[in-house]
Amino acid sequence: MNRYGRGLAALLLFIACGWLIKTAFYQGWLRFNYPSRQQWPIQGIDVSHHQNLIDWAQINPREVQFVFIKATEGSSFRDPAFQQNWQNARASGLVTGAYHFFSLCTSGEQQAQNFIATVPVVKNALPPVIDLEYGANCIPQNHEQVTAALRVMTAKLEQVYQQKAILYATREFYDNYLQQDFLAHPLWIRDIWRQPTLPYDRQWTFWQYANRGHVQGINTVVDLNVFQGSQAQFDALFRR
């Protein structure tokens, strides 16, 4: 093979390897984070109707200790799979919590009422979660309007569920709105690239470390999470 042929072969091999790696990441068979079970023994998932019909009986409780289930979005949307997922997950023995996708252009009062009308008040449930991110959202209002709406919603949820809402945030949203605010609320940080470290030594409670994981009983990819803390600290989150 001449020099041109060897160069072309090397280029094709490079392209093929790149395609394989990209495909492996997209399919969820390769990722950046592999949290140790020894360091983070309490791990779980979050789901919505995008996971289609879930066979909760097939989910291994030794691998999945908790699940957050999408309930609502904005002022009116209710996830069509929420009630079924909520009932079946709890029946299977999993610790459950519900989450709300926060709209950047709807009042906090309306969003809180949507969530409260959808998610029952039950014992041994994780705190309600407010999902804060820019993706699939409307054009944000100014900083004061967003934080004011969020304060209204967190206050309403705490009044009803008697728990501080967990704030889920992408790193970009955290830096813009939460970095030195809402300090009393547990944080759930999304970072699929690396273990999150927050400025001012602020601690996170949950970490979403992958968005294309595989779990038996779910026929699509699913988000993977860990809890940072002991079993006693995890139990202390439950609604009594």
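Just so you know, these numbers come straight off a predicted model, no measurement behind them.

(A) The packing of helix H4 (residues 143-161) against helix H5 (residues 171-178), seen in detail. Where H4 contacts H5, the two axes come as close as 11 Å, and the packing angle between them is 95°. Between H4 and H5, the angle falls in the class roughly perpendicular. Contact residues: His-143, Val-146, Thr-147 and Leu-150 in H4; Phe-173, Asn-176, Tyr-177 and Leu-178 in H5. Looking at side-chain class alone, the contact of H4 with H5 contains five nonpolar, three polar and no charged residues.

(B) Seen up close, the confidence of the model for the protein. With 87% of its residues at a pLDDT of at least 70, the protein reaches an overall mean of 89. Confidence drops under pLDDT 50 across residues 16-22; counting only partners more than four residues distant or on other chains, this segment forms one contact.

(C) Seen up close, the packing of helix H3 (residues 108-118) against H4. Two elements in contact, H3 and H4, have axes separated by 7 Å at closest approach and are oriented at 30°. One way to sum up the angle between H3 and H4 is to call them roughly parallel. Note on packing geometry: the crossing formed by H3 with H4 is right-handed. Along its contact with H3, which presents Gly-108, Glu-109, Gln-111, Ala-112, Phe-115 and Ile-116, the element H4 presents Ala-149, Val-152, Met-153, Lys-156, Leu-157, Val-160 and Tyr-161. Of the residues assigned to the contact of H3 with H4, the class counts are nine nonpolar, two polar and two charged.

(D) Seen up close, the side chain of Thr-220. Structurally, Thr-220 is set in the loop between strand E8 (206-213) and strand E9 (222-227). Ignoring anything within four residues of it in the chain, the contact list for Thr-220 reads His-50, Gln-51, Asn-52 and Gly-213.

(E) Broad picture of the nonpolar core. Counting residues in each nonpolar core, the largest one holds 49 residues, and the members touching the most others are Ile-45, Val-47, Ile-59, Phe-102, Ile-130, Leu-132 and Leu-178. Considering each element in turn, this core owes the most residues, six residues, to H4. Residues contacting Phe-102, with those up to four places away along its chain left out, are Gln-111, Ile-130, Asp-131, Leu-132, Asn-137, Val-146, Ala-149, Leu-150 and Met-153. Core analysis: the second largest hydrophobic core is formed by 15 residues, Phe-68, Val-95, Ile-166 and Tyr-168 among them.

(F) Inspection of the pattern of salt bridges at higher detail. The tally for this structure, following the rule as stated, stands at five salt bridges. Note that Lys-70 is salt-bridged to Glu-73, the shortest N-O span being 2.6 Å. Overall, the relative accessible area of 9% leaves Lys-70 in the buried class. A salt bridge links Arg-151 to Asp-181, with the nearest nitrogen and oxygen atoms 2.6 Å apart. Taken together, the positions of Arg-151 in helix H4 and Asp-181 in the loop between H5 and strand E7 (187-190) put the pair 30 residues apart, joining distant regions of the chain. Residue classification places Arg-151 among the partly exposed residues on the basis of a relative accessible area of 40%.

(G) Structural detail: the environment of Gly-229. Note on placement: Gly-229 falls in the loop between E9 and helix H6 (231-235). By relative accessible area, Gly-229 is classed as partly exposed at 29%. When the C-alpha positions of Gly-229 and Gln-39 are compared, they lie 9.2 Å apart, and in sequence the two are 190 residues distant.

Cut-off values and rules
- Residues numbered from 1 in each chain as written.
- Predicted model: local features only at pLDDT ≥ 70, side-chain atom pairs only at ≥ 80, totals over all residues.
- Heavy atoms only, no water.
- Axes fitted to C-alpha atoms, helices over the stretch in contact; angles between N-to-C directions.
- Helix = DSSP H or I, 4+ residues; strand = E, 2+ residues; numbered from the N terminus.
- Parallel < 35°, antiparallel > 145°, perpendicular 65-115°, else oblique.
- Contact = heavy atoms within 4.5 Å.
- Nonpolar A, V, L, I, M, F, W, Y, C, P; charged D, E, K, R; others polar.
- pLDDT = per-residue confidence, 0-100.
- Left-handed = near helix turned anticlockwise from the far one by under 90°.
- Core = buried A, V, L, I, M, F, W, Y, C linked by side-chain atoms within 4.5 Å.
- Buried < 20%, exposed > 50% of the residue type's maximum accessible area, 1.4 Å probe, protein only.
- Salt bridge = Lys/Arg side-chain N within 4 Å of Asp/Glu carboxyl O.

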